[in-house]
Amino acid sequence: MSKESYTIGNINQAYSFVADCDPYKIKKAVLSVPDCPERDVWVIALRGTNGSLHKNDPLSLPVCLRSACARENIFFDLVKNAIMKEIPDGADILFIGHSLGGMVCQQLGADEVLKNRYRILNVLTFGSPYVPFRGKRCPLHRLADRADIIPAVCSLALFANGFIGNVRYESAGYFFKPLGAHCDSYES
């Protein structure tokens, strides 16, 4: 775990923070909000799938399917164990994830053990399908490019994306490039 300072001042920097990890990153940071005192926060970033079919690869397509169905999986277990090992009890946590990483962030944000041990402030996802859960979860903020089909079709919540999925759509000009929309548009 790095002790260096990292600033996330906008959405593009948040996505770059996620894209720079393999498969996840945990960093201590300072949360700076106008008109509020600064405070320490832990930022946990999770990246998307690598397209592998190997069941023991935390970034594999089988893990994507399990996560989309709100089922525990090896990526979820890997990150949850790292959080419990590296972050002190009672700490404030922010989750940021792209695609598969965003689905796992949603799972972690809804996990009762983590919610009882930490204060989970927010979950921010890029191009991630909505993962349906029972019970209360922390605030969820989903961003998706209008041309990115992954958030809509790769989830059991296809119809829910527009109603309860809390997704904010933007366009980065990838209308005829759905793969580019999913992989590249969030850096624009």
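Procedures and definitions
Residues numbered from 1 in each chain as written. Predicted model: local features only at pLDDT ≥ 70, side-chain atom pairs only at ≥ 80, totals over all residues. Heavy atoms only, no water. Core = buried A, V, L, I, M, F, W, Y, C linked by side-chain atoms within 4.5 Å. Buried < 20%, exposed > 50% of the residue type's maximum accessible area, 1.4 Å probe, protein only. Helix = DSSP H or I, 4+ residues; strand = E, 2+ residues; numbered from the N terminus. Contact = heavy atoms within 4.5 Å. Axes fitted to C-alpha atoms, helices over the stretch in contact; angles between N-to-C directions. Parallel < 35°, antiparallel > 145°, perpendicular 65-115°, else oblique. Left-handed = near helix turned anticlockwise from the far one by under 90°. Nonpolar A, V, L, I, M, F, W, Y, C, P; charged D, E, K, R; others polar. Pairing = 2+ DSSP bridges.

(A) Examining the nonpolar core more closely. Ranked by size, the top nonpolar core spans 30 residues in total, and within it Ile44, Ile83, Ile87 and Phe95 carry the most contacts. Counting only elements with at least two residues in this core, the list comes to β2 (39-46), α2 (61-68), α3 (74-86), β3 (92-98), α4 (100-110) and β4 (119-126). Apart from the residues within four sequence positions on either side, isoleucine 87 is in contact with Ile26, Trp42, Ile44, Ala82, Ile93 and Tyr118. Counting 13 residues, the second largest nonpolar core, distinct from the first, contains Val18, Leu94, Leu121 and Leu124.

(B) Seen up close, the packing of α3 against α4. Here α3 crosses α4 at 60°, and the two axes come no closer than 10 Å. By the angle class used here, α3 and α4 are oblique. Where α3 crosses over α4, the two elements pack in a sense that is right-handed. Where α3 abuts α4, its residues Phe75, Phe76, Val79 and Lys80 lie against Leu100, Gly101, Val104, Gln107 and Leu108. Here the contact of α3 with α4 is built from residues that sort into six nonpolar, two polar and one charged.

(C) Inspection of the environment of phenylalanine 126 at higher detail. Relative to the helices and strands, phenylalanine 126 is located in strand β4. Residues phenylalanine 126 and serine 99, 27 residues apart in the sequence, show an inter-C-alpha distance of 6.2 Å.

(D) Spotlight on the pairing of strand β5 (residues 140-145). Within β5, five of the six residues are buried, leaving the element largely enclosed by the surrounding structure. Pairing between β4 and β5: four bridges, direction parallel. Opposite leucine 124, over in β5, you have histidine 141 as the bridge partner.

(E) Structural context of the packing of α2 against α4. In the contact formed by α2 and α4, the axes pass within 9 Å of each other and the chain directions differ by 40°. One way to sum up the angle between α2 and α4 is to call them oblique. Note that α2 runs across α4; the crossing there is left-handed. On the side of α2, the interface is formed by Val63, Cys64, Ser67 and Ala68, while α4 contributes Leu100, Met103, Val104 and Gln107. Here the contact of α2 with α4 is composed, by residue class, of six nonpolar, two polar and no charged.

Function cannot be inferred from these measures alone, as they are strictly geometric.
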